[in-house]
Amino acid sequence: MSIIDDALSANATIATDRDPDREKPPAPRIAIVTCADPRLSDIVRMLGLDDADVDMIRNVGTVIDDDSIRSLVISTQVLGTREIMIINHNGCGLTTFTDDELEDRLRTETGMSPIAPARFYSFTDAEQNTRKQLQKARSHPWISADVPIRGFVYDLASRRLSEVLPLEATHSDPSH
Ligand code: ZN
């Protein structure tokens, strides 16, 4: 049996109760963008939040790209979340290769050069990368300026967050 088959049979056993409350529309209060890494799967609990309050947006590498922007616009403009956290972490898989290395490897292994994905968004410095994602989200015109967006690096060992502050210099520079 595959893992999927096991999951299907487990689901048939586990899902015995019907809770009409779960059919009510969601009303999350905060959006969190974080990595798909399974070690981040308990992040809601580590923040002392309730699942129902969190619109969880996950992708490999905590990337603010076209797709996470799409989710954040829906989250803030349709679902009504009022704050955004971007939570990167140390030891991310995206620090273990460069885009060029992975592209070269896949091109060699498959003999193909497909048009997508255009990028893998590999990075080396979690803090610097978080700052970049923060800037991308903050600069989007469809994410209201009154929605706070804050960035963090989650330390897997200590399970503590360190805040990543935006570069103030880029805001106060009079030449811009
Ligand atoms: Zn990661």
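That block above? That's the structure.
Residues numbered from 1 in each chain as written. Predicted model: local features only at pLDDT ≥ 70, side-chain atom pairs only at ≥ 80, totals over all residues. Heavy atoms only, no water.

### Things to note about the coordination of the zinc ion
Part 1 of the argument: Donor atoms from the polypeptide that bind the zinc ion are Cys35 (SG), His89 (NE2) and Cys92 (SG), placed at 2.0 to 2.3 Å.
Part 2 of the argument: The sequence pattern formed by the donor residues of the zinc ion is C-x53-H-x2-C. Highlighted residues: Cys35 in strand 1 (residues 30-35) and Cys92 in the loop between strand 3 (83-89) and helix 4 (99-110), separated in sequence by 57 residues. As far as burial versus exposure is concerned, Cys35 and Cys92 are alike and both buried. (Donors = N, O, S within 2.8 Å, 3.2 Å for Na, K, Ca; no water. Helix = DSSP H or I, 4+ residues; strand = E, 2+ residues; numbered from the N terminus. Buried < 20%, exposed > 50% of the residue type's maximum accessible area, 1.4 Å probe, protein only.)

### Re a nonpolar patch on the surface
Part 1 of the argument: A cluster of nonpolar side chains, namely Ile74, Val78 and Leu79, defines an oily patch on the protein surface of about 250 Å² accessible area.
Part 2 of the argument: In this structure, Ile74 sits in helix 3 (residues 66-79).
Part 3 of the argument: The partly exposed category is assigned to Ile74, whose relative accessible area is 41%. (Patch = residues over 30% accessible without salt bridge, like charges linked within 9 Å, V, L, I, M, F, W, Y side chains within 5 Å. Areas by Shrake-Rupley, 256 points an atom, 1.4 Å probe, with all protein chains shown as cover. Salt bridge = Lys/Arg side-chain N within 4 Å of Asp/Glu carboxyl O.)

### Quick word on the nonpolar core
Part 1 of the argument: With 14 residues, the main nonpolar core has Val33, Ile64, Leu72, Ile84, Ile86, Ile143 and Ile149 as its most contacted residues.
Part 2 of the argument: For this core, the elements supplying multiple residues, two or more each, are strand 1, helix 3, strand 3 and helix 5 (126-138).
Part 3 of the argument: A per-element tally of this core places helix 3 first, with three residues.
Part 4 of the argument: Discounting chain neighbours no more than four positions away, the residues touching Ile86 are Val33, Thr62, Ile64, Thr130, Gln133, Leu134, Ala137, Ile149, Arg150, Gly151 and Phe152.
Part 5 of the argument: Among the nonpolar cores identified, the runner-up in size contains 10 residues, and Ile32, Leu40, Val44 and Phe152 belong to it. (Core = buried A, V, L, I, M, F, W, Y, C linked by side-chain atoms within 4.5 Å. Contact = heavy atoms within 4.5 Å.)

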